[in-house]
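# Residue-level structure breakdown
Each chain is listed here by its residues.
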Amino acid sequence: MRALGNTRVTTGHQPTDPWAEQHTDLKARAFLSAGEREVLDPFGIASNTVRLAEKLSGRRYPGLQLETWIVPEASHVRTAAPSLARALGFFAASRWP
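Predicted model, so just to flag it, every value in this text is computed and none were measured.

Cut-offs and rules
- Residues numbered from 1 in each chain as written.
- Predicted model: local features only at pLDDT ≥ 70, side-chain atom pairs only at ≥ 80, totals over all residues.
- Heavy atoms only, no water.
- Helix = DSSP H or I, 4+ residues; strand = E, 2+ residues; numbered from the N terminus.
- Buried < 20%, exposed > 50% of the residue type's maximum accessible area, 1.4 Å probe, protein only.
- Contact = heavy atoms within 4.5 Å.
- Areas by Shrake-Rupley, 256 points an atom, 1.4 Å probe, with all protein chains shown as cover.
- pLDDT = per-residue confidence, 0-100.
- Polar contact = N/O pair within 3.5 Å; in protein donor to acceptor, adjacent residues only side chain to side chain.
- Expected span 1.5 Å × (residues − 1).
- Arc of directions from axis to C-beta.

Below, the discussion takes up the overall build of the chain. Within the chain, the secondary structure is distributed over three helices and five strands. Residues classed as buried in the chain amount to 22% of the 97 residues present. Sequence-distant contacts, at least 24 apart, represent 60% of the contacts inside the chain between residues at least 6 apart. Total accessible area on the chain stands at roughly 7,200 Å², and carbon and sulfur atoms take up 57% of it.

If you want it as structure tokens, here you go:
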């Protein structure tokens with residue numbers, strides 16, 4: 001294993017997260033979204049969103065409430081309004097039964 005900036009790299013070049021190695025819980029609510037039409041985006045917005053969701057879900061933090069939504073038929077611009085509406089509902093649900 002060798003150091004690479006703030007990330008440690010194993011011999012298989014799989015970056016590890018030092019914070020995740022030292023913590024078993026993450027008390028947070030997170031909402032991630034991307035547009036379905038961003039799948040072929042050169043910046044990898046949809047794939048990076050899904051990858052982050054998979055990484056966080058895979059860590060099975062008991063205190064993490066995570067919602068991931070790929071907005072059907074939406075481009076980057078058309079993702080903002082429906083994502084904001086859905087995120088507000090997601091976060092408001094924690095305040096009212």
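From this point, the discussion proceeds with the structure in view.
Attention shifts here to the confidence of the model for the chain. Low-confidence regions, as indicated by low pLDDT, have predicted coordinates that should not be scrutinised in detail. Scored by pLDDT, the chain has a mean of 84; 80% of the residues are at 70 or more. A low-confidence stretch, residues 1-13 stays under pLDDT 50, and its non-local contacts, those more than four residues away or across chains, total 18 contacts.

Note: most peptide bonds trans; most residues except glycine with negative phi. Positioned with a positive phi, Arg60 is a non-glycine residue whose angle comes to about 50 degrees. Along the chain, Arg60 turns up in the loop between helix H2 (45-58) and strand S5 (64-71). One non-glycine residue, Glu73, lies in positive phi territory at about 55 degrees. With respect to the secondary-structure elements, Glu73 resides in the loop between S5 and helix H3 (76-92).

Now for the side chain of Thr49. Within the secondary structure, Thr49 sits in helix H2. The class for Thr49 is buried, based on a relative accessible area of 12%. Within the local environment of Thr49, its side chain forms a polar contact with the backbone oxygen of Ile45, the two atoms lying 2.7 Å apart.

The end-to-end C-alpha separation of H2 is 20 Å, in line with the 20 Å expected for 14 residues at 1.5 Å each. Of the positions making up H2, those classed as buried are Ala46, Thr49, Ala53 and Leu56. Seen along its axis, H2 keeps its buried residues to an arc of 100 degrees; they face one direction. In this structure, H2 carries Glu54 and Gly58 as exposed residues pointing more than 90 degrees from its buried face. The inward-facing, buried residues of H2 contact strand S4 (28-35) and S5. Count one or two residues on from H2 and you reach Arg60, which has phi positive near 50 degrees.

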